[in-house]
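# Residue-level structure breakdown
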Amino acid sequence: MPKIKNLDEYLKKLELLPPFQKQLSDIPNEDYKLDVVDINETLPIAAAPIQFIGSLNFGPRLFVFNDPDDNNRELEEDEHEIVKSENSQDEVLIVPNYDTNAIIQYGLGVSIKASSSNEKLGFLFSGSANVRVNTYKQHPRTYSLLKAATQDLKNFPWVFSIGELKNLKNNEACTLQFAGVLKSSLEVKWSDLYSGSLLGVSKLLNVPAPLTIEVDAGASVQFDFGIQDDFVLIIKKVSGQTYEIGVKKNKTQSFGAGAKIGINASFSEKSQGALETILQSLLENFLKKGKSEIDGILSKSRVADLIQEEQDTLTKIMETIGYTGPLDKIAEMKAAWEKYLGKIRDTITKVATAKIEAGVNFEYSQIKTEECFLLGELSLDALVQYHPDLIRLRLDGILEDQTEGVNVKKYLEDKSYQRKSGFGFDLKVNQKGLGLDFDSSIEVLTRKNEKPGYLYVSTKSAKSYEGELFGDKFKWLAGLEIATKDFVKDPKISDLGIKQHLGFEWSENKKLEKNEIYKIIDTAVLWGLINGYDREEAYQNLSSELKTKNAKNITVSLNLEIPEDTFKEIIRAMYEVKKANLNNYYSNLAYALAACIFNKNQPIRDRIEKHGKNFLSYLSTPSYRLDDSLKAYAGYINQSQIGQLNNAIDMIINRGGESFSEDSVKKIIKGFNKFHNNIYRVKVLGFLLFHFGRITGRAAEIEPSLKITYSKNNEEKVINMVQNLNPQYLNY
C-alpha cells in the first residue's frame, strides 16, 4: 500500500473542500486532482539542451462514478474503464455494475516528456513515459465523499500488493498502465554538394565559342527510429475466490531511411550569347561550306550571275536542306535557306536554354508490432501464483496452465512485420522526360489464440514498377498472398492458401496509335482475357473509340486474379509435368517466354515459332555449353531464376506435409518474385499460369479483366472487357 505522509492532516484539508461534504448520491461524475507538481525544465545533457515536461501526481486522484448514463469523461480520462479487443466484442469492464453503490476511482501516476533538437546537425529526439495505477472502490451512496475517502486512504489497496488484492470486495478492481514513446530522427543535407560551372565544353563540341554549364546538385539522407509500448493490466474481484483478469498490450518498433540526390543543369547566360558562333561551326561541319560564303552566293539577284562553281555549290546546298523548288529562282532559294537557318537556331536555343533535371531517390521502412489481448478468470491460489508474472506482463504460464484454477476465455496474440523499399530515378528536360520507381513490400502476420498450438498466418508480398515516359504513365504490379484459411493446429505447408495478382496500368492524355492499341490487346490475349481469333475484332472496337482525336485522358487497367484453390491446382499441374518430362516442362516455359518478350505486332504463334526453340535450347543446355547465339537469351531470364521458381513449386506440392515455417514461405515468395521483379516476366507468369489453367480445365476460374476509362467530347466513358472463353482450343 502506498504510504501517504501526514494522512490525518491531509484529511483535515479535504474537510474544507465543498464536494467532500456531500453525499455520493449528490456528486456528479467529476474528476478531482490533488497535489499535482508540474515540471518544465531544460537541462544541458551531453552539450545538448533537453527539455523535460510533465507532471507528478503525488496525491490521490479521485473520480466518482454515480450514474452510468451521466458518464461524460473525456477519452483521455477514460483509459481504464475498459480493456477491449479490436478483433472481438470481448471486454473487461472496470465499472460494470453500479447497483446501489457508487464507485470511486483513485489514481496514482507519473508522466514525463523529454525532447531535444539540433538544427545544425539535423538531429531530433523526443520521448515520453506514463505509469499509472488505479484502484476502484465502492461505497453506499449515502456516504459522504469525505467518509468514503477516509476509509479508503487508511487502507488503500493497489495492484502491486497481492495481500491487498485479497481484500478487494466484489466488483472492486485494481489496474496498472504503462505507455512509453521514444522517437529520434537524423537528417543530413548537402544543399551545396556541387554548385558551379563545368568548363571545357567548347573543346567537346569542337567550337571556338566559350561555353559553360551551370550545375546545382544536392543530396539528403534521413533516418527515423521509434518505439511505442503500451499495456494495461486489470485485476478485478468477481465473487468469492474468483478474480477476473484483463490484459492488453501493443508494442511497435519502426525504422525508416531515405536518400535523395537531385541535379539541375543548364547553359549559363553568357554561353547563350555564343549561339551564332556555334551555328557557323555546325554549318561548316555539316555543309562543308561556311555560312558567309552561302550568304554571299544568295545575295546575288540572278542565277545567271553565278559562276559554275557557285551554281554547283548552291545546287548541292539546296538538295541538302530539302529544297524542291525551281533552281533558277534566287529569292525562293534564299527564303528556303533562311527558313532552314531559323529551324537550326530554334533547336539550338531550346537546347541552350533548357533546364535539365535529374534525380535519384531511395526509401526503406520497417515496422514490427506485437499485440495481445487476454481475458480470463483466476482462482485466488492461481492469482497468488501468477501475480508476479502479470505485473511483468508474462503470460506463458497462464496460457499453458490447464488446471481448474485457470480459465482463459479469450486470447489473441498478433505479431506482424512490414517492410517496404523503393528506388526511383528521373530525367527531365523542360519538365518533360522519363522516370521510373521500383517499390517492394512484404507483410507477415502470425496470430495465436487461446488454443495451444493453433496459428493463423498470413504473408503478403507485392512489387510494382511505375514510370513516366514523356507524358505517358505506366505501372506494372504483382502480388502474392499466402495465408491459412483460419486458425490451424500445428499448420503445415499444405494448409497455406495462395492467391496471385498481376496487373498493368497505363495512362495517356491523347488518342492512342495503332501499335499502342495492339499492345493492350496482345497482353489481353496472353492473359486469356480474349480469344486470339477475336484479336482483330477487339482492335476495331477499341480503335473506333480510342484512335480518334476527341479521345483524351485515357487510362487502361488490365488485371489477372487467380483464387487460391485454382492457383494450387495450376501449380500442381506444373509440378506433375516437370516431374514426368522435364523437357516438356521447359517447352511450355520457352513458349511463354517467346510469346511475351518478343512483340512487334506479330501473331503470338509466329513469335513462338521463331524464338521458342532457341529459348528451349537455352533452358535445357548447361551454361558452360552455351554458344554465343544462345547466350543472348540470358538477358531475358537465367537458369538460376528458373531454378528458384522450381523450388517454390516443389515447396508447395512435394513438401506440403512439412510443418509451416517462415523460411518455407520466404522460399515460395522468392521463387515467384523472380518473375515479379521484371515487366516482361510478369507478363510471362500470367501467360504460363493461364496456359496451365487451360490444361487443368480451371481456366474459367481465373479472373482477368480489362477496364479502360477515357473522355470523349467532354463525356466520361468506360470500356469493360471480361473473359470470353471458347470451349474449344483457344488459338493464340
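For clarity, every value in this text was computed on a predicted model and none was experimentally measured.

A few words now on a nonpolar patch on the surface. A cluster of nonpolar residues, I261, I263, V360, F362, F423, F425 and F438, forms a patch on the protein surface that exposes about 550 Å² of accessible area. Going through the elements one at a time, β10 (242–267), β11 (356–379) and β12 (406–429) are the ones with two or more residues in the nonpolar patch. With relative accessibility at 44%, the residue I261 sits in the partly exposed group.

Here the focus is the side chain of H139. Residue placement: H139 occurs in strand β7 (residues 123–140). A polar atom in the side chain of H139 sits 2.7 Å from the side chain of D152.

Time to look at the packing of aromatic side chains. The tally for this structure, following the rule as stated, stands at 15 aromatic pairs. With a centroid separation of 5.8 Å and an interplanar angle of 50 degrees, the aromatic rings of Y585 and Y586 are classed as tilted. Here K147 stacks its cationic end above the ring of Y143, 4.1 Å away from the centre of that ring. The ring of Y454 has K451 lying over it, and the distance from NZ or CZ to the ring centre is 5.5 Å.

Let us now look at the packing of helix α18 (residues 639–653) against helix α19 (residues 662–676). Here α18 crosses α19 at 140 degrees, and the two axes come no closer than 8 Å. In terms of orientation, α18 lies oblique with respect to α19. Read as a crossing pair, α18 and α19 show a hand that is left-handed. The segment α18 lies against α19, with Q641, I642, Q644, L645, A648, M651 and I652 engaging S664, K667, I668, K670, G671, F672, K674 and F675.

To continue, consider helix α10 (residues 380–391). Its 12 residues give α10 an end-to-end C-alpha distance of 16 Å, which sits within 8% of 16 Å, the value for a rise of 1.5 Å per residue. One or two steps after α10, the chain reaches L393, where phi turns positive at roughly 60 degrees.

A few words on the environment of E293. With respect to the helices and strands, E293 occurs in helix α7 (residues 291–298). Using a relative accessible area of 37% as the deciding quantity, one classes E293 as partly exposed.

A surface patch of negative charge is lined by E363, D437, D439, E466 and E505. As for its placement among the helices and strands, E363 is situated in strand β11.

Burial analysis of strand β17 (residues 496–508) places 10 of its 13 residues in the buried class, the great majority of the element. Pairing geometry for β17 and strand β18 (residues 551–562), over nine bridges, is antiparallel. Paired with E508 across the bridge in β18 is I554.

Let's shift gears to the pattern of salt bridges. Within this structure, the stated rule accounts for 16 salt bridges. A salt bridge links R302 to D305, with the shortest nitrogen-to-oxygen separation between them at 3.0 Å. D305 sits in the partly exposed class, given a relative accessible area of 36%. Taking the shortest distance from any N to any O, the salt bridge between K667 and D663 comes out at 3.8 Å. Remark: D663 and K667 occur in helix α19; sequence separation between them is four residues, near one turn of the helix. The partly exposed category is assigned to K667, whose relative accessible area is 39%. Exposure remark for D663: the relative accessible area of 46% places this residue in the partly exposed category. A single network of salt bridges, built from pairs that share partners, joins E545, K712 and K717.

Turning to the environment of T548, a few remarks are in order. The residue T548 is located in the loop between α13 (535–546) and β18 in this model. The spacing of T548 and K511 is 37 residues in sequence and 5.9 Å in space, taken between C-alpha atoms. Among all residues touching T548, those that are not within four sequence positions of it are K511, S543 and K712.

Of the residues in the protein, 75% have a pLDDT of 70 or more, and the chain-wide mean is 78. Note on residues 35–48: pLDDT is under 50 here. Beyond four places in sequence and across chains, it has 35 contacts. Confidence over residues 725–732 falls short of pLDDT 50; this stretch has 23 contacts with residues more than four positions distant or in other chains.

Core analysis: the biggest nonpolar cluster contains 92 residues, and F567, I571, M574, F672 and I708 have the highest contact counts within it. The element best represented in this core is helix α15 (residues 582–597), accounting for 10 residues. The residues touching F672, leaving out its near neighbours within four places in the chain, are L480, Q500, F567, I571, L645, A648, I652 and L685. Counting residues in hydrophobic clusters, the runner-up holds 43 residues, among them L11, L14, L378 and Y411.

This brings us to unusual backbone geometry. Comment: phi is negative for the bulk of residues other than glycine, and the bulk of peptide bonds are trans. Phi at N553 is positive, roughly 50 degrees, even though this residue is not glycine. Residue N714 is not a glycine yet carries a positive backbone phi of 65 degrees. One can find N714 in the loop between β19 (703–712) and β20 (715–722).

Contact pair helix α12 (residues 514–526) / α13: the axes reach a minimum separation of 10 Å and the direction vectors enclose 130 degrees. Judged by the angle between their axes, α12 and α13 are oblique. α13 is crossed by α12, and the crossing has right-handed handedness. Contacts between α12 and α13 involve K514, I517, Y518, I521 and D522 from the former and R535, E536, A538, Y539, L542 and S543 from the latter.

It is worth spelling out α12 at this point. Its 13 residues give α12 an end-to-end C-alpha distance of 18 Å, which sits within 8% of 18 Å, the value for a rise of 1.5 Å per residue. By the criterion of burial, α12 is predominantly enclosed, with 10 of the 13 residues buried. Within α12 the residues assigned to the buried category are E516, I517, Y518, I520, I521, D522, T523, A524, V525 and L526. Looking at the residues trailing α12, positive phi occurs at G528, about 80 degrees.

Each value, and the rule that gives it
Residues numbered from 1 in each chain as written. Predicted model: local features only at pLDDT ≥ 70, side-chain atom pairs only at ≥ 80, totals over all residues. Heavy atoms only, no water. Patch = residues over 30% accessible without salt bridge, like charges linked within 9 Å, V, L, I, M, F, W, Y side chains within 5 Å. Areas by Shrake-Rupley, 256 points an atom, 1.4 Å probe, with all protein chains shown as cover. Salt bridge = Lys/Arg side-chain N within 4 Å of Asp/Glu carboxyl O. Helix = DSSP H or I, 4+ residues; strand = E, 2+ residues; numbered from the N terminus. Buried < 20%, exposed > 50% of the residue type's maximum accessible area, 1.4 Å probe, protein only. Polar contact = N/O pair within 3.5 Å; in protein donor to acceptor, adjacent residues only side chain to side chain. Phe/Tyr/Trp six-rings, centres within 6.5 Å; stacked < 30°, edge-to-face > 60°. Lys NZ or Arg CZ within 6 Å of the ring centre and 35° of its normal. Axes fitted to C-alpha atoms, helices over the stretch in contact; angles between N-to-C directions. Parallel < 35°, antiparallel > 145°, perpendicular 65-115°, else oblique. Left-handed = near helix turned anticlockwise from the far one by under 90°. Contact = heavy atoms within 4.5 Å. Expected span 1.5 Å × (residues − 1). Lys, Arg positive; Asp, Glu negative; His and termini not counted. Charge placed at Lys NZ, Arg CZ, Asp CG, Glu CD. Pairing = 2+ DSSP bridges. pLDDT = per-residue confidence, 0-100. Core = buried A, V, L, I, M, F, W, Y, C linked by side-chain atoms within 4.5 Å.

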